[in-house]
Amino acid sequence: MKLISIVIPCWNEEEVIPYFYEEMNKTLASFGEEFPDVEFELLFVDDGSKDRTLKLIKDYAEKDSRIRYVSFSRNFGKEAALYAGFENAKGDYVGCMDVDLQDPPALLPEMYRALAEEGYDSVATRRVTRKGEPPIRSFFARRFYRLMDKICATEVVDGARDYRLMTRQMTDAVLSMGDYSRFTKGIYGWVGFSTKWLEFENIERVAGETKWSFWKLLIYAIEGIIAFSTVPLEIIAWIGGILTAGSFIYTVVSLVCFLTGVWGAVPLIIAVILLSGSFNTLVLGIAAMYLSKTYLETKGRPLYVAKEIV
Ligand code: UDP
Ligand code: MG
C-alpha cells in the first residue's frame, strides 16, 4: 500500500469545509477504483481559526479515519501551516491543497500517475487565466512573478498555485529548508528535482472570502523577494560605485577648470558634495554585500540536495 498525504491549510473556513469534504470524498472514491493500492490521509492544519473550522474538522475526523489535523494556537499564516503539515505528514507522497476548491481535486489521479508511472519527483499546477480576480491584483501579481523570476536564483512560475504533489524525498528536502520567513513557492524551485506542470483555468472560491487583502499580498511579495534574492542589497554597491566614479571625474574636471580660471568655485563645491555623497553610498554598498552574505549564512540552508547517492 502507498499512502498519499494531502495537507490542507484552513483559516476561518467553516463555510467551505463541507463542500471540500464532499468533493474530496467523491474524488477519492473514484481514485480508489483506479488505484486500489493507494490510501489517503487528509491532514488539515487549522491556522488559528476563530470560527467553527476546528470543530468541523474534529467532527469529520471522528467519522473518517483518513482525517488528521494539526491545530495552531493562533494564526501563523499559510506558509507556517504548510510547513506544519509537511512535518506531520506520514505519506509516501505528500501534497497540499487549498480548502476552497480553487485547486481541483479532480487533478489528483493525473498528478499521482506522473509521480508513480512517469518518474517525476513532483507535480505542480499553475492557472493560466486569472478570471474572476480583480484586474489590479492580476496586474501586480504578473509583474511580481516576472520580477521574482529575474532577480531570484530559483525559478518562479507565473500563476503557480501551492497545489502540488511530491515524493517523500522532495518533501524531506523542503523540510530541510528551515527558512523562518518562508516563501514555499521559491523553496520548491530551490530544492530542485524534476517537476511536471499541469495547467488549468482559474476557478472561483466555492464559498467564503479570500484571506488575502491587497496589502497582505504586497507584504508577501516583498517577503518572497527578500527571502530569495540579495539583489536589492547588491544594487546599493553598484549604484554607489557608478556614482562615485562619475562624481570623481566631475570633481577632477571642475578642479582643473577652477584652477585655470575657466569655471568659478560653485561647480567645484557641488562636485565635492556629490563625491562625498556617492562615496557614502559606495561604503554602504560594500557593507550591504557583507550583509547579504551573512544573511544567506544565517538561513542555514543545506549546501546541496542529493537525489541519489550510490
Ligand atoms: N490560509 C491559511 N492561513 C492564512 C491565510 C490563508 O491557512 O493566514 C489558507 C486558507 O484557509 C485557504 C488557503 O490558505 O485554504 C488559500 O487562501 P485563500 O483562498 O484565501 O487565498 P487565495 O486563493 O485568494 O489566494
Ligand atoms: Mg483561494
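No experiment lies behind these values; they were computed from the predicted model shown. (Residues numbered from 1 in each chain as written. Chains lettered and ligands numbered in written order. Predicted model: local features only at pLDDT ≥ 70, side-chain atom pairs only at ≥ 80, totals over all residues. Heavy atoms only, no water.)

1. Thoughts on the overall build of the protein
A count of helices and strands for the protein gives ten helices and seven strands. By the compact-globule yardstick of 19 Å for 310 residues, the protein is too spread out, its C-alpha radius of gyration being 26 Å. Expressed as lengths along the three principal axes of its C-alpha atoms, the size of the protein is roughly 95 × 50 × 35 Å. Burial analysis of the protein (310 residues in total) assigns 45% to the buried set. Sequence-distant contacts in the protein: of pairs separated by 6 or more residues, those separated by 24 or more amount to 81%. In the structure as shown, the protein presents an accessible area of about 16400 Å², 61% of it carried by carbon and sulfur atoms. (Helix = DSSP H or I, 4+ residues; strand = E, 2+ residues; numbered from the N terminus. Rg over C-alpha atoms; globule rule 2.2 N^0.38 Å. Buried < 20%, exposed > 50% of the residue type's maximum accessible area, 1.4 Å probe, protein only. Contact = heavy atoms within 4.5 Å. Areas by Shrake-Rupley, 256 points an atom, 1.4 Å probe, with all protein chains shown as cover.)

2. Regarding the site of ligand 1
Neighbouring residues of ligand 1: 18 residues in total, closest Glu 13, Asp 100, Gln 102, Thr 210 and Lys 211. With respect to ligand 1, the backbone of Pro 9 contributes an N or O atom lying 2.7 Å from an oxygen atom. Between ligand 1 and Asp 47 there is a distance of 2.6 Å, counted from a nitrogen atom to a side-chain nitrogen or oxygen. In isolation ligand 1 exposes 540 Å². Once the protein is present, 94% of that is buried. Class assignment of the residues belonging to the shell around ligand 1 gives a composition of five nonpolar, four polar and nine charged. (Near = heavy atom within 4 Å. Polar contact = N/O pair within 3.5 Å; in protein donor to acceptor, adjacent residues only side chain to side chain. Nonpolar A, V, L, I, M, F, W, Y, C, P; charged D, E, K, R; others polar.)

3. Examining the coordination of the magnesium ion (ligand 2)
The magnesium ion (ligand 2) binds to the protein through Asp 100 (OD) and Gln 102 (OE1); the donor distances cover 1.9 Å. As far as the burial class goes, Asp 100 and Gln 102 line up, both buried. (Donors = N, O, S within 2.8 Å, 3.2 Å for Na, K, Ca; no water.)

4. Section: the sheet that holds strand β4 (residues 93-96)
Pairing in this open sheet of seven strands is mixed, and the strands run β3-β2-β1-β4-β6-β5-β7 from one edge to the other. Edge positions in the sheet fall to β3 (67-71) and β7 (195-200), since each of these pairs with one other strand and no more. Adjacent strand axes in the sheet meet at a mean angle of 20° when their direction is disregarded. Bridge analysis of strand β1 (residues 2-10) against β4 gives four bridges, and the strand direction is parallel. Bridge pairing in β4 places Val 7 opposite Cys 96. The sheet strands contacting helix α2 (residues 53-63) are β1, β2 (38-46) and β3, and the helix crosses β3 at an angle near 150°. (Pairing = 2+ DSSP bridges. Axes fitted to C-alpha atoms, helices over the stretch in contact; angles between N-to-C directions.)

5. Describing the nonpolar core
One finds Ile 4, Ile 6, Phe 44 and Leu 108 to be the most contacted residues of the largest nonpolar core, which totals 37 residues. Elements represented by at least two residues in this core include exactly β1, α1 (17-34), β2, α2, α4 (108-116), β6 (160-167) and β7. Setting aside residues up to four positions removed in sequence, Ile 6 forms contacts with Met 24, Phe 40, Glu 41, Leu 42, Leu 43, Gly 95, Met 97, Leu 108 and Leu 165. One finds Ala 81, Val 94, Phe 144 and Phe 183 within the second-largest nonpolar core, a separate group that totals 33 residues. (Core = buried A, V, L, I, M, F, W, Y, C linked by side-chain atoms within 4.5 Å.)

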